[in-house]
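Overview (structure and organization)
Here's the letter readout for the chains.
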Amino acid sequence: MVISSKGRYALRVMVYLAVNHSDDYIPLKEISQKEDLSQKYLETITRMLSKAHLIEAASGHGGGYRLTRNPADYSISEILNLTEGSLAPVSCLKDEQNMCERSSACYTLPIWEGLAKIINDYFDNMTLADVVRLATEADKPEENKADKEDKKPDSRKVKENN
């Protein structure tokens, strides 16, 4: 399974809107510049997101895009399933019903079913709010570094105790 650029960019748009979540609309030009993505390509992606009611658009002065719900109410799988169609690791699992004539005798099918379950559970249980939290924690390298330094055992004390 490879997530397409459409899926990755859709996530970046949604995360950007989540980080800047408010009642205000964010112009596509701003998203394009801040995320360093083609505005033309983002037009296609935002149209798809808007048709699925994940975002809403407003045109004219003060127009742009915004989320239709709270960031905690979007699962990552909802966004990726829209853009990718399926997150199945192998083609025989893309449809609800496995149509492969070998499925009843396939020794490797349980491997792929297990991987599909892990992927789906991971993305089903991760929200835009989770991604925003992780991203904002990563934006604070000095604070995180200081916190980690405080939690590291003092190597001199470890040696002295041994």
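What follows is about the pairing of strand 1 (residues 55-58). As a general feature of sheets, a regular strand has side chains that alternate between the two faces. Pairing between strand 1 and strand 2 (residues 64-67): 4 bridges, direction antiparallel. Residue E56 lies in a different strand from strand 2, and its bridge partner there is R66. Following strand 1, the chain reverses through 5 residues before pairing antiparallel with strand 2; G60 in that reversal takes a positive phi of roughly 90 degrees.

Taking 1.5 Å of rise per residue, the 13 residues of helix 3 (residues 39-51) would be expected to cover 18 Å, and the 18 Å separating its terminal C-alpha atoms lies within 8% of that figure. When helix 3 is considered as a whole, its buried residues turn out to be L42, I45, T46 and L49. On an axial view of helix 3, the arc spanned by its buried residues comes to 100 degrees, and they lie on one face. Exposed positions of helix 3 whose direction lies more than 90 degrees from the buried face are K40 and K51. Those residues of helix 3 that are buried lie in contact with helix 1 (5-19), helix 2 (28-35), strand 1, strand 2 and helix 4 (76-84). A positive phi of about 65 degrees marks H53, the residue just after helix 3.

Here the focus is the nonpolar core. In this structure, M14, L17, L49, L67, I76 and L128 are the most contacted members of the largest nonpolar core, which totals 31 residues. Going through the elements one at a time, helix 1, helix 2, helix 3, strand 2, helix 4, helix 5 (109-124) and helix 6 (128-138) are the ones with two or more residues in this core. Ranked by the residues each element gives to this core, the list is headed by helix 1, at 8 residues. Once residues lying within four places of it in the same chain are set aside, the contact partners of M14 are L49, L54, I55, L67, Y74, I79 and L128.

On to helix 6, then. The set of residues buried in helix 6 consists of L128, V131 and V132. Viewed end-on, helix 6 has its buried residues packed into an arc of 100 degrees, placing them on one side of the element. At the N-terminal end of helix 6, a side-chain oxygen is found 3.3 Å from the backbone nitrogen of A129, two or three residues along, and the residue is T127.

A contiguous nonpolar patch, built from I111, W112, L115 and I118 and spanning about 370 Å² of accessible area, is present on the exposed surface. Along the chain, W112 falls in helix 5. Judged by its relative accessible area of 31%, W112 falls in the partly exposed class.

Here we come to the packing of aromatic side chains. Using the criterion set out here, one finds 2 aromatic pairs in the structure. Both rings, one in Y9 and one in Y41, keep their centres 5.5 Å apart while their planes meet at 75 degrees; by these two values the pair is edge-to-face. Linking Y9 in helix 1 with Y41 in helix 3, this pair joins segments that are 32 residues apart in sequence. Classification of Y41 as partly exposed rests on a relative accessible area of 28%. Pairing Y122 with F123 gives two aromatic rings, centres 5.3 Å apart and planes at 65 degrees, and the pair type is edge-to-face.

When their charged atoms lie close together, side chains carrying opposite charge are able to pair. Taken as a whole, this structure holds 7 salt bridges when the rule is applied. In this structure, R69 engages E78 in a salt bridge whose closest nitrogen and oxygen atoms are separated by 2.7 Å. Among the residues examined, R69 registers a relative accessible area of 28% and is labelled partly exposed. Exposure remark for E78: the relative accessible area of 29% places this residue in the partly exposed category. Notably, a salt bridge pairs R133 with D130, separated by 3.9 Å at the nearest N-O pair. Note that R133 and D130 are positioned in helix 6 at a spacing of 3 residues, about one turn of the helix. On the basis of relative accessible area, D130 is assigned to the partly exposed category, the value being 24%.

Scoring rules and cut-offs
Residues numbered from 1 in each chain as written. Predicted model: local features only at pLDDT ≥ 70, side-chain atom pairs only at ≥ 80, totals over all residues. Heavy atoms only, no water. Pairing = 2+ DSSP bridges. Helix = DSSP H or I, 4+ residues; strand = E, 2+ residues; numbered from the N terminus. Expected span 1.5 Å × (residues − 1). Buried < 20%, exposed > 50% of the residue type's maximum accessible area, 1.4 Å probe, protein only. Arc of directions from axis to C-beta. Contact = heavy atoms within 4.5 Å. Core = buried A, V, L, I, M, F, W, Y, C linked by side-chain atoms within 4.5 Å. Polar contact = N/O pair within 3.5 Å; in protein donor to acceptor, adjacent residues only side chain to side chain. Patch = residues over 30% accessible without salt bridge, like charges linked within 9 Å, V, L, I, M, F, W, Y side chains within 5 Å. Areas by Shrake-Rupley, 256 points an atom, 1.4 Å probe, with all protein chains shown as cover. Salt bridge = Lys/Arg side-chain N within 4 Å of Asp/Glu carboxyl O. Phe/Tyr/Trp six-rings, centres within 6.5 Å; stacked < 30°, edge-to-face > 60°.

So yeah, pure geometry; function would need other evidence.
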